[in-house]
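Structural overview for review
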Amino acid sequence: MIPVTITRLDNYTGFIISTDNENWYKSQPLPGNVESFNNAIWIYGQYHICSAKMNDGTYQVFQSRDNGYSWQSVLTTSETIKCLLRVDYGKAIFSTNDGWWRSDNSGTTWTKISTQAPNCFTVKEITNDI
């Protein structure tokens, strides 16, 4: 794993990335018509995720498999994504206005796990497993 710093850029639907804090480069823009997006979070190895509100009102989760350089959409939902959290290496959850979603494979696939605690940014327990 190469440690990287990934930072959002104003007026660009992508990120600026550094692998050594001296040399910076621009990522490819997030695909699609992005209205707004959040900072990327590290999930595992070279995997990062971020979420975005699209111009059509839907929300998408994007995954990067190459330290933030390129991004692909892995989930589209009509639910409003509130926050993304890494809970363990390779595992992440995010909250929406209708509950919680979970990924156990670095953000590649997502499963709705709960309709409890909608709109929350932090939880102690969602199910007996989380």
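Residues numbered from 1 in each chain as written. Predicted model: local features only at pLDDT ≥ 70, side-chain atom pairs only at ≥ 80, totals over all residues. Heavy atoms only, no water.

**Observations concerning the environment of I16**
Note the threshold: Secondary structure counts use DSSP, requiring at least four H or I residues in a row for a helix and at least two E residues in a row for a strand, with both numbered from the N terminus. Contact between two residues is taken to exist if any of their heavy atoms lie within 4.5 Å; hydrogens are not considered.
Tracing the backbone through its elements, the reader meets I16 in strand β2 (residues 15-18). The residues contacting I16, other than those within four sequence positions of it, are T5, I6, T7, L9, W24 and Y25.

**Examining the packing of aromatic side chains**
In this description, an aromatic ring pair is defined by two values, namely the gap between the centres and the angle between the planes. The line we're drawing: For this analysis, a ring pair means two rings from Phe, Tyr or Trp (six-membered ring only for Trp) whose centres lie within 6.5 Å, classed as stacked if their planes differ by under 30 degrees, edge-to-face if by over 60, and tilted for the remaining angles. Exposure categories follow from relative accessible area, calculated using a 1.4 Å probe and restricted to protein chains: below 20% of the type maximum is buried, above 50% is exposed, and the middle band is partly exposed.
Under the defined criterion, the tally for this structure stands at seven aromatic pairs. Seen from their ring centres, F15 and W71 are 5.2 Å apart, and the 40° between their planes marks the pair as tilted. Here F15, found in strand β2, pairs with W71, found in the loop between β7 (59-64) and β8 (72-77); they are 56 residues apart in sequence, far enough to count as distant. Of the two residues examined, F15 and W71, each falls in the buried class.

**Examining the pairing of strand β11 (residues 99-103)**
As a reminder of what qualifies: By this definition, two strands are paired if DSSP reports at least two bridges between them.
The element β11 is extensively covered by neighbouring structure, given that four of its five residues are classed as buried. Sheet analysis places strand β10 (residues 91-96) next to β11, joined by five bridges and oriented antiparallel. Bridging across to β11, F94 finds its partner in W101. Counting the residues in the hairpin turn of β10 and β11 gives two residues. Across three bridges, β11 lies against strand β12 (residues 111-114) in antiparallel orientation.

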